[in-house]
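Listed below are the residues making up each chain.
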Amino acid sequence: MPAELHPAPPPAPPAHRRPARRPPSRRLAAGALLTGLLLAGCGGPADDPDPSPATSAGTPPTTDAPAPDDPTADESRTASPSAPSPDASSSSGPADDVLAGWSLEEKVGQLVMVGVAVDDPAPVSADVVGAHHVGNVFLHGRSEAGVDATRELVTEYTGLVSDETTHGTPMLVATDQEGGLVQVLRGPGFSELPAATEQATWAPGRLRDRAETWGDELAAAGINLNLAPVMDLVDEAAAGDNPPIGSFDRSYGFTPASVERSASAFSAGMQAAGVEPVIKHFPGLGRVTANTDTDADVVDDVTGPDARSVDVFGAGIDAGARYVMMSSATYTRIDPDAPAVFSPKVVGVLRDDLGFDGVVVTDDVSAAAQVQQWSPGERAVRAVEAGVDLVLASADPSVVPEMADALVERARKDEGFAKKVDASAERVLEAKADLG
């Protein structure tokens, strides 16, 4: 679950067999799909909020970053860059290789996103940019400071970009602005976003326009990535028994059609504002009965690779999603041996079955109870080994040095792993290039 959901507050429709999906390269199909949705906007739901978990009394929770923002977090290229030799400090691929001239440490830095507390940033959040070349930040917690103050905070971190720190590459600057209980940024210049369940009651055209306004506000604050919308499919009758999503009104309704229609409209609005959405939490948190932020051994024994809740993410990808966040629950019908975020099998469903070739992001793996049995270094290595591209350490940024060191050490010893680092770094860089 996302990282901004500390507290653990209080199943989707039957699965159906999925027809073979189209090969990767879904943006054009997505645009057509979204256009159809918006044209048919009048027939969409009226106003159904998407609840998000709250952190604790008074503080909205999350699961994609630090303990409070997101309960439980693309592009179309998977080119295989040249892998650095275990001892090499820089890549030696062809002249047109996007990673040519990058050191291993710099490439690893592109695979990490460090949390920056909006109320009181820890020094380590800035230190890791210089010491470990970390190239991405996530604003977590809760702020009432408004757009101007947020922009000043963001500038402190984006100003750390240089040839020596991030190879001169701009940062992904993310936050968790879903609406309802999960909204990191408030104050002058930021709208109050209703919960997803309410957003889902609006016609798609209206939601898309509102989301563009919300995206404009984020862009004005220097943010280019929003860890939203939630695309988890929740059973309405059991919503109260689903701590990460249902209990916080974070779902876009309770049917596949409602979730697909509304989440895609939200995403389209964000993209129109120049802010990339991150659909989450694959392959779905709608059927779990515990919150991965606050509980260990969270298991979904219902969702399989052909579940309808998985197909909902396929619709999000077809509608243009370029980033997908992985859940950290364990899905016994797909891979009983590892949480999704560490599972090549679950990532394989996303990559191979759904044809997703964009950036795969972890939910927060710094402080979530679900992943504490592994050391921070093991969490980062397992995620990248599974095929994840971006490791989110939002709630506890102090673990980032260990994560970065572990990724570098493993890549120096294992050429196959070094190739995975290169492939993920290339996807991240290409996605950044598309941000403009």
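Higher on the page you've got the structure.
Residues numbered from 1 in each chain as written. Predicted model: local features only at pLDDT ≥ 70, side-chain atom pairs only at ≥ 80, totals over all residues. Heavy atoms only, no water.

### A look at the sheet that holds strand β10 (residues 299–300)
Here is step 1: The strand order β10-β12-β13 describes an open sheet built from 3 strands, whose pairing is mixed. The two strands at the open ends of the sheet, each matched to only one other strand, are β10 and β13 (335–339).
Here is step 2: As judged from the 2 bridges shared by strand β12 (residues 330–331) and β13, these two strands associate in the antiparallel manner. Residue pairing in the sheet places Thr330 in a bridge with Pro339 of β13. (Pairing = 2+ DSSP bridges. Helix = DSSP H or I, 4+ residues; strand = E, 2+ residues; numbered from the N terminus.)

### Brief notes about the nonpolar core
Here is step 1: Formed by 116 residues in total, the largest nonpolar core has its most connected members in Phe282, Met326 and Leu350.
Here is step 2: The contact partners of Leu350, leaving out residues within four places of it in the chain, are Phe282, Ile317, Val324, Met326, Gly355, Phe356 and Val360. (Core = buried A, V, L, I, M, F, W, Y, C linked by side-chain atoms within 4.5 Å. Buried < 20%, exposed > 50% of the residue type's maximum accessible area, 1.4 Å probe, protein only. Contact = heavy atoms within 4.5 Å.)

### A short note on the packing of helix α11 (residues 400–413) against helix α12 (residues 415–435)
Here is step 1: Look at α11 against α12: their axes get within 5 Å of each other, and the N-to-C directions meet at 125°. When the interaxial angle is binned, α11 and α12 end up oblique. Viewed along their axes, α11 and α12 form a crossing whose handedness is left-handed. Contacts from Leu407, Arg410, Ala411 and Lys413 of α11 reach α12 at Glu415, Phe417, Ala418 and Val421.
Here is step 2: Looking at the contact of α11 with α12, its residues break down into 5 nonpolar, no polar and 3 charged. (Axes fitted to C-alpha atoms, helices over the stretch in contact; angles between N-to-C directions. Parallel < 35°, antiparallel > 145°, perpendicular 65-115°, else oblique. Left-handed = near helix turned anticlockwise from the far one by under 90°. Nonpolar A, V, L, I, M, F, W, Y, C, P; charged D, E, K, R; others polar.)

### Focus: the packing of aromatic side chains
Describing an aromatic ring pair means giving the distance of the ring centres and the angle of the ring planes.
Here is step 1: For the structure shown, the criterion picks out 5 aromatic pairs.
Here is step 2: Both rings, one in Phe342 and one in Trp374, keep their centres 5.1 Å apart while their planes meet at 80°; by these two values the pair is edge-to-face. On the criterion of sequence distance, the pair formed by Phe342 in the loop between β13 and α9 (344–353) and Trp374 in the loop between β14 (359–361) and α10 (376–386) is long-range, its members being 32 residues apart. One exposure class covers both Phe342 and Trp374, and it is buried.
Here is step 3: Following the ring pairs from residue to residue traces out a cluster consisting of Trp202, Trp214, Tyr252 and Phe266.
Here is step 4: The ring of Trp202 is capped by Arg206, whose NZ or CZ atom sits 4.2 Å from the centre of that ring.
Here is step 5: The ring of Phe417 carries Arg410 above its face, with NZ or CZ at 4.9 Å from the centroid. (Phe/Tyr/Trp six-rings, centres within 6.5 Å; stacked < 30°, edge-to-face > 60°. Lys NZ or Arg CZ within 6 Å of the ring centre and 35° of its normal.)

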